[in-house]
Amino acid sequence: MEGSLTPKRLEGSGRWLIKIIAGLFIVVFLGIHFVVNHLVAPGGLLTYADVVAYYQNPVIVVMEVAFLVVVITHAFLGVRSILLDLNPTAWVLRAANVLLVIVGAAAVIYGAWLALTIANVKI
Amino acid sequence: MPNQPEAKNWPRWFDPRSRSLGTFGFILNRITALALTLYLILHLIALGQLAQGPAAYDGFIALVKNPLFKLGELLVIAAGVIHGLNGIRIALNSFGIGVRRQRSMFVILMALAVLCIAFFGWKMFMEG
């Protein structure tokens, strides 16, 4: 079976290893996320009050922000891998690198701000 | 159309003819990855409702309890389960584990994915 089993030349073994390890962390975090949000919550979705109560535990805030960092890292390295499948020119790859770093950093900052905002709501 | 990694040949990705099981695994990994990345961005934007208070967020939650949104959510769960289980196979194989049995691993993990998707579908539509 062929597939993405080995790092591509332009992907680099470091980025490839980060993607694989981040993916394994996501399996664990996402398992918890699915159980809390879709199995335990009545009707499969948390209300505003449920979300605020859930985020009162600082461990949850740290876990969710860590989850976001890992997910964004895995997703954006993955998008870059797919782009490499298309044999981009050096200019396109450089532009994509810059764009992915900027959008990824913005997503992490926004998500962390949102998590802290919810954690600071008084119940 | 030759199967070369050229941007102009992207329609070939969606042509199922003359494909090996491994190629289907690879294509599934890529398609679910793109779908999940798009969902991730939309999910983050939608969760912005939390910062606007209970009325905005609970109103949004009431909207997504619509069966059409639930179906979309089930598709996201399906993509996540397929990508995750297929990804476990890729990670194990990458470290030299189960390389000779990767075809049977793929079939078993995808059968497990179908069971997981059916379970979540049942929970969402029959109980939720």
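Residues numbered from 1 in each chain as written. Chains lettered and ligands numbered in written order. Predicted model: local features only at pLDDT ≥ 70, side-chain atom pairs only at ≥ 80, totals over all residues.

Novice: How should I be thinking about the overall build of chain B in this particular structure?
Specialist: Regarding its fold elements, chain B presents four helices and zero strands. Its helices and strands taken in sequence order, chain B reads α-α-α-α from the N to the C terminus. In terms of C-alpha radius of gyration, chain B reaches 18 Å, well past the compact-globule figure of 14 Å for 128 residues. C-alpha atoms of chain B, sized along the principal axes, occupy 55 × 35 × 30 Å. Sequence separation of 24 or more characterises 61% of the internal contacts of chain B that already satisfy a separation of 6 or more. (Helix = DSSP H or I, 4+ residues; strand = E, 2+ residues; numbered from the N terminus. Rg over C-alpha atoms; globule rule 2.2 N^0.38 Å. Contact = placed C-beta atoms within 7 Å.)

Novice: Would you explain the overall build of chain A in this entry?
Specialist: Assigned secondary structure in chain A consists of four helices and zero strands. Its helices and strands taken in sequence order, chain A reads α-α-α-α from the N to the C terminus. Across the 123 residues in chain A, those meeting the buried criterion constitute 20%. Contacts in chain A between residues far apart in sequence, at least 24 positions, make up 77% of those at least 6 positions apart. (Buried ≥ 20, exposed ≤ 12 C-beta atoms within 10 Å, placed from the backbone.)

Novice: Can you walk me through the packing of helix 3 (residues 58-85) of chain A against helix 4 (residues 90-119) of chain A in this structure?
Specialist: Angle between the axes and distance between the axes: these two values describe a pair of packed helices. Residue and element names in this part refer to chain A. Here helix 3 crosses helix 4 at 165°, and the two axes come no closer than 10 Å. With respect to each other, helix 3 and helix 4 are oriented roughly antiparallel. In this structure, the crossing between helix 3 and helix 4 has a hand that is right-handed. Facing Val61, Glu64, Val65, Leu68, Val69, Ile72, Phe76, Val79, Arg80 and Leu83 of helix 3, the residues of helix 4 in contact are Ala96, Leu100, Gly104, Ala107, Val108, Gly111, Ala112, Ala115 and Ala119. Taken together, the residues that form the contact of helix 3 with helix 4 break down as 15 nonpolar, two polar and two charged. (Axes fitted to C-alpha atoms, helices over the stretch in contact; angles between N-to-C directions. Parallel < 35°, antiparallel > 145°, perpendicular 65-115°, else oblique. Left-handed = near helix turned anticlockwise from the far one by under 90°. Nonpolar A, V, L, I, M, F, W, Y, C, P; charged D, E, K, R; others polar.)

Novice: So what exactly am I meant to see when it comes to the environment of methionine 63 of chain A here?
Specialist: Residue and element names in this part refer to chain A. Mapped onto the fold, methionine 63 is located in helix 3. Accessibility expressed as a C-beta count within 10 Å gives 15 for methionine 63, which makes it partly exposed. Distance from methionine 63 to aspartate 50, taken between C-alpha atoms, is 17 Å for residues 13 residues apart in sequence.

Novice: What is the right way to read the interface of chain B and chain A from this model?
Specialist: Size of an interface: often given as the accessible area lost when the parts come together. The interface of chain B with chain A comprises 42 residues on the first partner and 33 residues on the second. Looking at the side of chain B that touches chain A, the elements that each hand over two or more residues are helix 1 (21-46), helix 2 (54-64), helix 3 (67-94) and helix 4 (102-127) of chain B. The dominant element in the side of chain B that touches chain A, judged by the number of residues it contributes, is helix 1 of chain B, at 13 residues. A breakdown of the residues in the side of chain B that touches chain A according to their chemical character gives 22 nonpolar, 14 polar and six charged.

Novice: Would you take a moment to explain helix 3 of chain A for this structure?
Specialist: Structurally, the α-helix is built with 3.6 residues per turn, so residues lying three or four positions apart point the same way. Residue and element names in this part refer to chain A. Along its 28 residues, helix 3 runs 41 Å from first to last C-alpha, staying within 8% of the 40 Å computed at 1.5 Å per residue. What helix 3 keeps buried is the set Glu64, Leu68, Val70, Val71, Ile72, Thr73, His74, Ala75, Phe76, Gly78 and Ser81. Positive backbone phi, approximately 50°, marks asparagine 87, located one or two places after helix 3. (Expected span 1.5 Å × (residues − 1).)

Novice: How do you make sense of the nonpolar core when you look at a structure like this?
Specialist: The tendency in soluble globular proteins is for nonpolar side chains to be buried side by side. By size, the foremost hydrophobic cluster in this structure holds 16 residues, and its most contacted members are Val71, Ile72 and Ala75 of chain A together with Leu36 of chain B. When residues in this core are grouped by element, the largest group, six residues, is from helix 3 of chain A. With residues near it in sequence (within four places) discarded, alanine 75 of chain A still touches Leu36, Thr37 and Leu40 of chain B. In this structure, Leu114, Ala115 and Ile118 of chain A together with Tyr57 of chain B belong to the second largest nonpolar core, which totals seven residues. (Core = buried A, V, L, I, M, F, W, Y, C linked by C-beta atoms within 7 Å.)

Novice: Is there a simple way to think about the packing of helix 3 of chain A against helix 1 of chain B in this case?
Specialist: In the contact formed by helix 3 of chain A and helix 1 of chain B, the axes pass within 10 Å of each other and the chain directions differ by 130°. With respect to each other, helix 3 of chain A and helix 1 of chain B are oriented oblique. Judged by the twist between their axes, the crossing of helix 3 of chain A over helix 1 of chain B is left-handed. On helix 1 of chain B, the residues touching Val71, Ala75, Gly78, Val79 and Ile82 of chain A of helix 3 of chain A are Arg30, Ala33, Leu34, Leu36, Thr37 and Leu40 of chain B. The class makeup of the residues in the contact of helix 3 of chain A with helix 1 of chain B is eight nonpolar, two polar and one charged.

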